[in-house]
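Examining the three-dimensional arrangement
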Amino acid sequence: MEIILKKIMKYRKFLLLFTVIFVIFFYTFWSSFATKDFIIVPQMFSDARVKSDAIAEEFVELSKSTKENLEKIKALEEKGSSNLALTQIREQISRGDTLKAKGAELLTSLSQMTYSLSGIRPEGARATAYSAITYRIEMVDGLITYSSELEEILKLLTSRVIYGDNIRTKLQDKINSANENAKKINELNLKFNEAMKKLENL
């Protein structure tokens, strides 16, 4: 009987120790679980973000092709291939219209993201989303400026090809300015992506 009681006491101590360890572990786990801020992002924000990403990537590709096409037009004009240069200019004008349309689409997506911003929780996540939207708004501003610069460049190229106007210095300055603006737009797009990645990892 005494042996049995000793065994019971031994296992009782073991059970008590196990219970204490379990309670401590459970409390620690539950405390960290209960105090964790879960990220809440409205579906409207997520959908608009996907659309804005697609539009932004299209613009990046269009700006790259535009830079290459302007160099081609310049080369054709310098060779005296006026007709080919004018054909390229007309095609580039059409691409410029596409850039403007993409800017309008991007603004629509940004409006939806801004509208649903208040539904993002917690506050830190909302602040990160807000900074991301700010980058994209700056990107749209840059896009508008870029489109205007592109129109001026094409007008200068047209006057050069048709009338032989001496605008080489002015033209190169405009092209350099447009290329610099396109670079800034691409950088803003990268900053937006970094902010969104930060939001996803919160």
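Quick caveat, the model's predicted, so the values are computed rather than measured.

**Here we look at the confidence of the model for the chain**
- Of all residues in the chain, 82% attain a pLDDT of 70 or more, and the chain-wide mean is 79.
- The low-confidence segment residues 2-35 (pLDDT under 50) makes one contact with residues lying over four places distant or belonging to another chain.

**Quick notes on the packing of aromatic side chains**
- Under the definition given, this model contains one aromatic pair.
- Ring plane angle 85 degrees and centroid distance 5.9 Å describe the contact between Phe-59 and Tyr-146, whose orientation is recorded as edge-to-face. Of this pair, Phe-59 sits in helix 2 (residues 43-79) while Tyr-146 sits in helix 4 (residues 123-163), and the two are 87 residues apart along the sequence.
- The side chain of Arg-136 reaches across the aromatic face of Phe-192, ending 3.6 Å from its centre.

**Observations concerning the pattern of salt bridges**
- Considering all chains together, one arrives at eight salt bridges under this definition.
- Of the charged contacts in the structure, one is a salt bridge between Arg-136 and Asp-53, with a shortest N-O distance of 3.3 Å. Placement of the pair is Arg-136 in helix 4 and Asp-53 in helix 2, with a sequence separation of 83 residues.
- Look at Asp-53 and you get buried, because its relative accessible area is 19%.
- By sharing partners, the salt bridges in this structure join Arg-49, Asp-53, Arg-136 and Glu-200 into a single network.

Calculation rules
Residues numbered from 1 in each chain as written. Predicted model: local features only at pLDDT ≥ 70, side-chain atom pairs only at ≥ 80, totals over all residues. Heavy atoms only, no water. pLDDT = per-residue confidence, 0-100. Contact = heavy atoms within 4.5 Å. Phe/Tyr/Trp six-rings, centres within 6.5 Å; stacked < 30°, edge-to-face > 60°. Helix = DSSP H or I, 4+ residues; strand = E, 2+ residues; numbered from the N terminus. Lys NZ or Arg CZ within 6 Å of the ring centre and 35° of its normal. Salt bridge = Lys/Arg side-chain N within 4 Å of Asp/Glu carboxyl O. Buried < 20%, exposed > 50% of the residue type's maximum accessible area, 1.4 Å probe, protein only.

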